[in-house]
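Report on the structure
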Amino acid sequence: MALRYEHCEEDQRWFYRFSWFHLMRPLTWSGTISPVLAATALAAKKGAVRIDVLLAMLAASVLIQSAVNMLNDYFDRLRGQDVDKWTNKHDDGPAHRSIPAVASAMLTAAVALGAYLAWQSYAAIAWIGTVAIICGIAYSAGPRPLASLGLGELTAATCMGPVVTVLAYAVQRHAPNAAPFALSIPFALLIASMILTNNIRDIEKDRPFRRTLAIRLGRKNAARLLAVLLASTYLSIAVLIFWHVVPLLAAITVLALPLAIRLCLCFRPSASRAEEISGMKWAARHHWAVGLLLTLSLWLSP
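Residues numbered from 1 in each chain as written. Predicted model: local features only at pLDDT ≥ 70, side-chain atom pairs only at ≥ 80, totals over all residues. Heavy atoms only, no water.

Together, Val254, Leu255, Leu257, Ile261 and Leu265 make up an exposed nonpolar region whose accessible area comes to about 440 Å². Summarising the element assignment, Ile261 is placed in helix α11 (residues 257-265). (Patch = residues over 30% accessible without salt bridge, like charges linked within 9 Å, V, L, I, M, F, W, Y side chains within 5 Å. Areas by Shrake-Rupley, 256 points an atom, 1.4 Å probe, with all protein chains shown as cover. Salt bridge = Lys/Arg side-chain N within 4 Å of Asp/Glu carboxyl O. Helix = DSSP H or I, 4+ residues; strand = E, 2+ residues; numbered from the N terminus.)

Following the UniProt record, the feature "transmembrane region" (unreviewed entry) maps to residues 53-71, 99-118, 124-142, 154-172, 178-200, 221-243 and 249-270 here. The span residues 99-118 is 100% helical and 0% strand by assignment, and the distance between its end C-alpha atoms comes to 28 Å. Taken end to end, residues 124-142 is 79% helix and 0% strand, and its two terminal C-alpha atoms sit 27 Å from one another. (UniProt positions renumbered as here; feature names shortened; annotations may be inferred.)

Time to look at the side chain of Thr40. Of note, Thr40 is situated in helix α2 (residues 30-44). Once residues lying within four places of it in the same chain are set aside, the contact partners of Thr40 are Val49, Leu54, Ala168, Gln172 and Trp299. (Contact = heavy atoms within 4.5 Å.)

Two elements in contact, helix α4 (residues 99-120) and helix α5 (residues 124-138), have axes separated by 8 Å at closest approach and are oriented at 160°. As judged from the angle between their axes, α4 and α5 are roughly antiparallel. As α4 runs across α5, the sense of the crossing is right-handed. Along the contact surface, α4 presents Leu107, Val111 and Ala118, while α5 presents Ile125, Ala126, Ile133 and Ile137. Split by residue class, the contact of α4 with α5 holds seven nonpolar, no polar and no charged. (Axes fitted to C-alpha atoms, helices over the stretch in contact; angles between N-to-C directions. Parallel < 35°, antiparallel > 145°, perpendicular 65-115°, else oblique. Left-handed = near helix turned anticlockwise from the far one by under 90°. Nonpolar A, V, L, I, M, F, W, Y, C, P; charged D, E, K, R; others polar.)

This part takes up the side chain of Asp76. Note on placement: Asp76 falls in helix α3 (residues 51-78). The exposure class of Asp76 is buried, given its relative accessible area of 3%. Contact partners of Asp76, with chain neighbours within four places excluded, come to Gln81, Asp82 and Arg210. (Buried < 20%, exposed > 50% of the residue type's maximum accessible area, 1.4 Å probe, protein only.)

With that settled, the discussion passes to the environment of Asp202. Positionally, Asp202 belongs in the loop between α7 (178-201) and α8 (203-206). Linking Asp202 and Ala168, residues 34 residues apart in sequence, is a C-alpha distance of 32 Å. Reaching out from Asp202, the side chain makes a polar contact with the side chain of Arg201 at a distance of 2.9 Å. (Polar contact = N/O pair within 3.5 Å; in protein donor to acceptor, adjacent residues only side chain to side chain.)

Bringing the packing of α7 against helix α10 (residues 219-242) into the picture now. Contact geometry for α7 and α10: axes closest at 9 Å, N-to-C directions at 160°. Overall, the two elements α7 and α10 adopt an arrangement that is roughly antiparallel. Helix-helix and strand crossings are classified by hand; for α7 and α10 the assignment is left-handed. Mapping the contact onto sequence places Ala182, Leu183, Ile185, Pro186, Leu189, Leu190, Ala192, Ser193, Leu196, Thr197 and Ile200 in α7 and Arg219, Ala222, Ala223, Leu225, Leu226, Leu229, Leu230, Ser232, Thr233, Ser236, Ile237 and Leu240 in α10. Residue classes in the contact of α7 with α10 are distributed as 17 nonpolar, five polar and one charged.

On to the confidence of the model for the chain, then. Per-chain confidence: the chain averages 92 in pLDDT, with 95% of residues scoring 70 or above. Taking the mean pLDDT of every element in the chain, the minimum, 87, falls on strand β2 (residues 86-87) and the maximum, 98, on α10. (pLDDT = per-residue confidence, 0-100.)

Our next topic: the nonpolar core. Membership of the largest hydrophobic core comes to 89 residues, with the highest contact counts inside it found for Met57, Leu183, Ile200 and Val246. In terms of residue count, the dominant contributor to this core is α7 (twelve residues). Among all residues touching Val246, those that are not within four sequence positions of it are Leu183, Ile237, Leu240, Ile241, Leu294 and Leu298. (Core = buried A, V, L, I, M, F, W, Y, C linked by side-chain atoms within 4.5 Å.)

What follows concerns the pattern of salt bridges. Opposite charge on two side chains permits pairing when their charged atoms draw close. One pass over the structure, following the stated rule, counts ten salt bridges. Here Arg207 makes a salt bridge to Glu204, at a shortest N to O gap of 3.0 Å. By relative accessible area, Glu204 is classed as exposed at 60%. The partner of Arg219 in a salt bridge is Glu276, and the shortest N-O contact between them spans 2.6 Å. Residue Arg219 is located in helix α10, and its partner Glu276 is located in helix α12 (residues 273-300); the two are separated by 57 residues in the primary sequence. For Arg219, a relative accessible area of 27% translates into the label partly exposed.

Taking 1.5 Å per residue, 22 residues should reach 32 Å; α4 reaches 32 Å between its end C-alpha atoms and fits that length. Regarding α4, the residues found buried are Ile99, Pro100, Ala103, Ser104, Met106, Leu107, Ala110, Gly114, Leu117, Ala118 and Gln120. Among the structural elements, α1 (20-23), α3, β2 and α5 are those in contact with the buried residues of α4. (Expected span 1.5 Å × (residues − 1).)

This is the structure in structure tokens:
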């Protein structure tokens, strides 16, 4: 599959200041890795799981997320945003004009893996995966990207919550039921909090270009919503324990609570700009911590 976009002459000269790996934003990969591992652990309670299918699901998910992350920076540069990330001096960094081709190759590989997963399990997986890819591209592409309409958090929560969790469960040849949908709730809340963190940090930068949820709510209310999302994550895990969807051992996710508190402090009224900028790293660390602890509790439980 190919992504073709118009370039102005100036954009042909821009190069990313960092590496291709940095452009993929690996710190955010917990958004797909954690729900895939957790859903596979849930599937393992029903019977044996196939490692080749798990690896294919992980690879496809990370490829899609990485390609979407790359395209987000690509389109931001086209709109005149984040110019500090780019230079017109040729160095080892990725060329701006090369990003669509590389992202297309990654999405093509993800589609091939998705076809394999559909062949091994359910045909509907191919269609659902295709819709998820389209939503990922629409997140930042086009004249009215989803991120600019205040739908970034909802889009990410849907695709990296119920969609990826249920797909990871289904590819192990288990018909989806209420359990994987319920398990997806904390992951949806976690990724929504990560996107909201990014949007609160970028309120002033985004204001001329888009109307994110953070801009629509205002900084103070957006910070309050962030606290609600983080608190709801732990509440949802408590409910899942009560419903016996996850084991009592899942209570160990409370060990990540200091990271959530630190994230909230990054957006207190007296927070410095440096603290706001660090918020995204704390959000990613929090996602990794909660996601891996929840996954560990599922794998270790009888």
